[in-house]
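# Structural description and commentary
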Amino acid sequence: MILDFEKLAPRDGYAWMTQAITPRPIAWVSTISPDGKPNLAPFSFFQAICSNPPTLMFVPTNNRDGGKKDTLRNIEAVPEFVVNLVPYWLAEPMNATAAPLPYGESEFAHAKVTPAASTKVRPPRVAESPVAIECTLDRVVTIGSGVGAGNVVFGRIVAMHVADAVIVDGKIDPRKLDLIARLAGDFYMRSGELFTVARPAGGSALR
């Protein structure tokens, strides 16, 4: 099968992309409105960018009506956010925050998760998350327009909360972190069997 993406409708292209580009880590992003109302939503177009300066990105695509998602609206008004990571036991609350609630209604309350004060930014973090990454907005790069267009949010990492329970010998143990990742449709995957591969001699010095 060969798919000609220049001829596919955006919705069809999205379906094939999300089926093929897997697994995708989940950014459970908390933001706050100008009047102090928190928002919490999951995004699976998410990744680290670089460490100097420490930067990550996630992508709120436009709504089905072509408008901006609440997360992006909040970040444009209050340029700070927190990326909370999602372990297996928080899969259901995370999924609950994907519901299209009215703007200003708290997904924290809807999903029954606990907002906790952040250290350097105004939006709260998810207290139950084993890792919460506080960020200030670096920039937003918009690609495309209308339904399915992307708004790439780059965030400068300013602080990270890591639960003691997932640290072993001074490092985060991926087995204790037990994160989930997004596949396609209703499918997710859980961190399962792990293996290691030693890097070639002369490989990247940064590990």
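Coordinates for the structure precede this section.
First things first, this report covers the structure right here in the doc.

Cut-off values and rules
- Residues numbered from 1 in each chain as written.
- Predicted model: local features only at pLDDT ≥ 70, side-chain atom pairs only at ≥ 80, totals over all residues.
- Heavy atoms only, no water.
- Helix = DSSP H or I, 4+ residues; strand = E, 2+ residues; numbered from the N terminus.
- Buried < 20%, exposed > 50% of the residue type's maximum accessible area, 1.4 Å probe, protein only.
- Pairing = 2+ DSSP bridges.
- Contact = heavy atoms within 4.5 Å.

### Points about the environment of Pro54
Along the chain, the position of Pro54 falls in strand β5 (residues 54-58). We classify Pro54 as partly exposed; its relative accessible area is 32%. Separated by 42 residues in the primary sequence, Pro54 and Ala96 place their C-alpha atoms 30 Å from one another.

### As for the sheet that holds strand β13 (residues 180-182)
Strands sit in the order β1-β13-β14 across an open sheet of three strands; the sheet is antiparallel. Two strands lie at the open edges of the sheet, namely β1 (24-25) and β14 (188-190), each paired on one side alone. Note: β1 against β13, two bridges, orientation antiparallel. Directly across from Pro25, in β13, lies its bridge partner Ala181.

### Section: helix α2 (residues 70-77)
Inspection of α2 places Asp70, Thr71, Leu72, Asn74 and Ile75 among the buried residues, and these make up the whole buried set. If you follow the buried residues of α2, they end up packed against β2 (27-32), β3 (38-43), β5, β6 (80-84), β9 (131-143) and β10 (150-162).

By themselves, these observations are geometric and do not establish any function.
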